[in-house]
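A structural walkthrough
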Amino acid sequence: MRQNLAVRNLKAKPVRTGILILLTALLSLMICGGTLLVASMRSGLASLEARLGADIMVVPYEAKTKSNLENIVLQGNPGYFYMPVERYEKIASLDGIAQISAQFYLASASSGCCSIPVQIIGFDPETDFTITPWIRRSYAKQLQTGDIVVGNDLNAFVGDTLQFYGVNCHVAAKLDKTGTYYDSAVFTSVETIRQLIASSLEKGMNDFSDIDPQSVVSTVLINVAEGYSTEEVMNDINIHVKKVKAVQTKEMISGISASLKGTSDLIGVLIVVVWGLGVVILLLAFSMSVNERKREFAALRVIGASQRNLASLVMQEAVLSGLAGAVCGTVIAVMGITAFHTAIEEQLGLPFLMPSLGKQMLTSIISIAAVLVAGTAAAAVSAYRISRIDTALILRGEQ
Amino acid sequence: MNVTTKQLTKEFPRKSGGSNRFTALQPLDFTLESGKLTVLMGRSGSGKSTLLNLLAGLMHPTAGTVMVGETDLYAMPDRELSAFRNQHISVIPQGQTAIYSLNVLENVLLPITLNGTAGTSEIAYAKQLLEQLGIAELADVQPSELSGGELRRMAIARAFVRRPEIILADEPTADLDDENTKIVFESLKSAAHNGAAVLMVTHENGAEQYADRLCVMKSGVLTDAEE
Ligand SMILES: Nc1ncnc2c1ncn2[C@@H]1O[C@H](COP(=O)(O)OP(=O)(O)O)[C@@H](O)[C@H]1O
Ligand SMILES: [Mg+2]
């Protein structure tokens, strides 16, 4: 019955209960939503790091201006640049290189020759160490000439045929979501992309009209050998190989890391402010709710409720309304982020990858627990005060 | 069960502050006997409610003891004292004491449902009490819709519902008409004659005729009225 009385009390005051639920919902929305947002940006960044997957990226000198490079490599605006393969060979001969592989870029045009406008990235299956491990997760076989693998966001499916510069390509696999621009890119082996580059030249649709597709690369990815520092190898390349620029991939994504930090700090501050205010309002709300019912609590004492009974009644009301609010807020946060994550991603301009369902659940449960702790702590003050009331004195007062 | 006080005393700090204390109940040796309706009269402010609250275990005495049967009320921790009050002592306090989220019948049954569930016979008895007090048709109504007199009768029914051994009523007929006053007096009297120890504080003229024992409180001193 005492459990029931708490429910009855909540039902009897729908407005007051509604405000309590709304408040706790706001708290859980903030903490769950904020945590999921930050976690999604973090895993987006981690995923980008993994896709870059190399210590050093070498690009032709012409592409070195950071904005150009970032545009293509980080933001995924379709683009391309080339350098002679000799530079790759020169780099490969230097000391301190554990893994090295070239990549080949081509952007498909938005009309005419091509099914869709995308960034096409070619890799060399013999040496590649960044893209292959990731493709393996969706496609175990060797890519044949003419095979392509598409990013998760592309509207193409295994078995489809896509046309680029008049060449028919067969979709062999679709990749897992990464939350980065790689989700809207197309991957293929070096032979295939060379065909595509050649075809784009034939059609006069490539900005670099005087290249030989067989003897160019776009970027060179390097993992540094043990015993060498990244700076050392990077400087070595910049000194010994002409007309290239070696950059640390960590540095390339430092801009993204910085804005991620800025955004997550902002979210953190917002959570602290809303929680600070929310807990104060909850304190007041419980205190008011208990004060206006002083006489009822005194009546319960007369009937034989103990001090503990009164405190537990207040706590039950707090837990019930807190639980309802916390669950609502959490559900809204998870559903909201799931439904609008593309829009959020565009708004933030950061790689965005929702955590796994398990992690979402865990975050929700922790958020609900945190709101319950805050709500019950705020109610505990009133519960303690009401348990100590002077029953006789209250009964003397005017009703 | 009898309720017996030994040197029971209550002092309050003066409202004006200072170290000045004022004695609302002078040291009192008194027995509230079972099977009897004891009527307590006296001027407002003489200490009647103070004594009643002390007997109910609702107000810690400055000195002295209250024994209910073999039990020393104020020697128990709050939890035991509350449970003891719930089982043995019914109080009809001054003023309104409704729980507004429950309907009238649920309010009446609350002493039982506080720590358990009401059985069919208990529910039937609660309805019978409402019937006796003339508010049977209000069983499903919320207290906010009741008049002062109806609320009071609800509180009286609630005090009777556990068939308590001790009933302490503080001006139970304050907002009742003559007819209902008579009903309340008679039910208190019959509870006493069924074995309960009943104390009724009242101003009502005519209450004397129901009394098995008539006491008067004057400035914190209780005396038996001379016949
Ligand atoms: N909680 C209290 N604090 C201070 N004074 C009180 C308190 N309760 C009662 N009194 C004082 O004790 C005296 C007796 O009060 P009370 O027992 O209520 O009188 P009665 O019920 O006979 O009208 C009054 O002077 C009253 O002001
Ligand atoms: Mg009084």
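Residues numbered from 1 in each chain as written. Chains lettered and ligands numbered in written order. Predicted model: local features only at pLDDT ≥ 70, side-chain atom pairs only at ≥ 80, totals over all residues. Heavy atoms only, no water.

Description of the sheet that holds strand S5 (residues 71-72) of chain B
Residues and elements named next belong to chain B. Spatially, four strands are ordered S2-S1-S4-S5 in an open sheet, and the strand pairing comes out antiparallel. Single-partner strands in this sheet number two, and they are strand S2 (21-32) and S5. Relative to S5, strand S4 (residues 63-68) is paired through two bridges, and the arrangement is antiparallel. Considered in S5, the bridge of Val-68 is made with Thr-71. Contacting strand S1 (3-13), S2 and S4, helix H1 (residues 48-56) crosses the sheet at an angle of about 125° to S1. (Pairing = 2+ DSSP bridges. Helix = DSSP H or I, 4+ residues; strand = E, 2+ residues; numbered from the N terminus. Contact = heavy atoms within 4.5 Å. Axes fitted to C-alpha atoms, helices over the stretch in contact; angles between N-to-C directions.)

A short note on a nonpolar patch on the surface
All names here are of chain A. Taken together, the side chains of Val-269, Val-273, Leu-277 and Ile-281 present a nonpolar region at the surface, about 360 Å² in accessible area. Secondary-structure assignment places Val-273 in helix H9 (residues 254-291). Owing to a relative accessible area of 47%, Val-273 belongs among the partly exposed residues under this scheme. (Patch = residues over 30% accessible without salt bridge, like charges linked within 9 Å, V, L, I, M, F, W, Y side chains within 5 Å. Areas by Shrake-Rupley, 256 points an atom, 1.4 Å probe, with all protein chains shown as cover. Salt bridge = Lys/Arg side-chain N within 4 Å of Asp/Glu carboxyl O. Buried < 20%, exposed > 50% of the residue type's maximum accessible area, 1.4 Å probe, protein only.)

Thoughts on the site of ligand 1
Around ligand 1, the surrounding shell holds 14 residues, and the nearest of these are Arg396(A), Gly45(B), Lys48(B), Ser49(B) and Thr50(B). Residues close to ligand 1 are split across chains A and B. Lys48(B) places a main-chain nitrogen or oxygen 2.9 Å from an oxygen atom of ligand 1. One nitrogen or oxygen atom from the side chain of Ser49(B) is found 2.7 Å from an oxygen atom belonging to ligand 1. Isolated, ligand 1 exposes 560 Å² of accessible area, and the fraction of that covered by the protein chains is 84%. Elements with a minimum of two residues in the shell around ligand 1: helix H13 (391-396) of chain A together with S2 and H1 of chain B. For the shell around ligand 1, the element with the most residues is H1(B), which contributes three residues. (Near = heavy atom within 4 Å. Polar contact = N/O pair within 3.5 Å; in protein donor to acceptor, adjacent residues only side chain to side chain.)

What about the domain arrangement of chain A?
All names here are of chain A. Domains assigned within chain A are domain 1 (2-46 + 256-396) and domain 2 (51-249). Once you take the C-alpha centre of each, domain 1 and domain 2 turn out to be 49 Å apart. With seven residues of domain 1 at the interface, the matching set in domain 2 holds five residues. Taken as a group, Ile-256, Glu-345 and Leu-353 account for 56% of the area that domain 1 buries against domain 2, more than any other trio of residues on that side. (Domains from an automatic or database assignment. Buried area = accessible area lost by both parts, 1.4 Å probe.)

Details of the packing of aromatic side chains
Summed over the entire model, instances satisfying the criterion amount to eight aromatic pairs over all chains. Relative to Phe187(A), the ring of Trp134(A) lies with its centre 5.3 Å away and its plane at 85°, an arrangement referred to as edge-to-face. You can see Trp134(A) sitting in helix H5 (residues 132-136) and its partner Phe187(A) sitting in strand S8 (residues 185-189), a full 53 residues away along the chain. The exposure class assigned to Trp134(A) is buried, which follows from its relative accessible area of 1%. With a relative accessible area of 0%, Phe187(A) lands in the buried category. Counting every residue linked through ring pairs, the aromatic cluster contains Tyr80(A), Tyr82(A) and Phe208(A). Across from the ring centre of Tyr125(B), 3.7 Å away, lies the NZ or CZ of Arg163(B), which sits over that ring. (Phe/Tyr/Trp six-rings, centres within 6.5 Å; stacked < 30°, edge-to-face > 60°. Lys NZ or Arg CZ within 6 Å of the ring centre and 35° of its normal.)

Quick look at the interface of chain B and chain A
With 29 residues of chain B at the contact, the number on the chain A side is 23 residues. Counting the surface lost from both chain B and chain A, the interface buries some 2,300 Å², and carbon and sulfur atoms represent 59% of this. Three residues, Leu58(B), Ser101(B) and Leu114(B), lead the burial of chain B against chain A; their summed loss comes to 24% of the area buried on that side. At the boundary of chain B with chain A, the tally comes to two salt bridges. Viewed at the interface, chain A and chain B are joined by eleven residue pairs in polar contact (both at pLDDT 80 or more). Listed by contribution, the elements that provide at least two residues to the side of chain B that touches chain A are helix H2 (78-88) and helix H3 (104-113) of chain B. Of all the elements, H2(B) adds the most residues to the side of chain B that touches chain A, at six residues.

Re the environment of Phe187(A)
Sequence separation between Phe187(A) and Cys32(A) is 155 residues; the distance between their C-alpha atoms is 36 Å. With residues up to four places along the chain from it excluded, the contact list for Phe187(A) reads Ile121(A), Phe123(A), Ile131(A), Trp134(A), Ile135(A), Asp147(A), Ile148(A), Val149(A), Leu175(A) and Tyr182(A).

Structural notes on the pattern of salt bridges
All names here are of chain A. For the structure on display, the rule yields 13 salt bridges over all chains. Among the salt bridges present, the one from Glu-292 reaches Arg-16, with a minimum N-O distance of 2.7 Å. One end of the pair, Glu-292, is in the loop between H9 and helix H10 (294-303); the other, Arg-16, is in helix H2 (residues 14-52), and 276 residues separate them in sequence. A salt bridge links Asp-265 to Lys-261, with the nearest nitrogen and oxygen atoms 2.9 Å apart. Taken together, the residues span about one helical turn, with Asp-265 and Lys-261 both in helix H9 at a distance of four residues.

Digging into the pairing of strand S10 (residues 221-224) of chain B
Put simply, side chains in a regular strand alternate between the two faces of the sheet. All names here are of chain B. The pairing of strand S9 (residues 213-218) with S10 spans four bridges and is antiparallel. By the bridge assignment for S10, Val-216 is matched with Thr-223. Where S9 hands over to S10, the hairpin turn is made up of two residues, of which Ser-219 adopts a positive phi near 45°.

Let's talk about the environment of Asn291(A)
Residues and elements named next belong to chain A. One can find Asn-291 in helix H9. Taking relative accessible area as the criterion, Asn-291 reaches 34% and is therefore assigned partly exposed. Each C-alpha atom of the pair Asn-291 and Arg-388 lies 13 Å from the other, and the pair is 97 residues apart in sequence.

Some remarks on the sheet that holds strand S6 (residues 161-164) of chain A
Residue and element names in this part refer to chain A. Sheet architecture is open: nine strands sit in the order S6-S7-S5-S8-S4-S3-S10-S1-S11, paired in mixed fashion. Edge positions in the sheet fall to S6 and strand S11 (244-248), since each has one partner strand and no second. Geometrically, the sheet is characterised by an average inter-axis angle of 35° between neighbouring strands, direction not taken into account. In this sheet, strand S7 (residues 167-174) lies alongside S6 in antiparallel orientation, the contact comprising four bridges. What sits directly across from Thr-161, in S7, is His-170. Packing of helix H4 (residues 85-92) onto the sheet brings it into contact with strand S1 (56-60), strand S3 (97-107), strand S10 (219-224) and S11, and relative to S3 it is tilted by some 165°. Across the sheet, helix H7 (residues 230-240) touches S1, S3, S10 and S11, and the angle it forms with S11 is around 170°.

A word on the nonpolar core
Ranked by internal contacts, the top residues of the largest apolar core, which has 156 residues, are Phe164(A), Phe187(A), Ile237(A) and Leu300(A). Of the residues forming this core, the biggest block, eleven residues, is contributed by H2(A). Split by domain, the residues of this core number at least three in each of domain 1 (2-46 + 256-396) and domain 2 (51-249) of chain A. For Ile237(A), the residues in contact, after removing those within four places along its chain, are Ile56(A), Val58(A), Ile91(A), Leu94(A), Ile222(A), Val244(A) and Ala246(A). By size, the runner-up hydrophobic cluster in this structure holds 42 residues, among which are Ile92(B), Ala98(B), Ala126(B) and Leu151(B). (Core = buried A, V, L, I, M, F, W, Y, C linked by side-chain atoms within 4.5 Å.)

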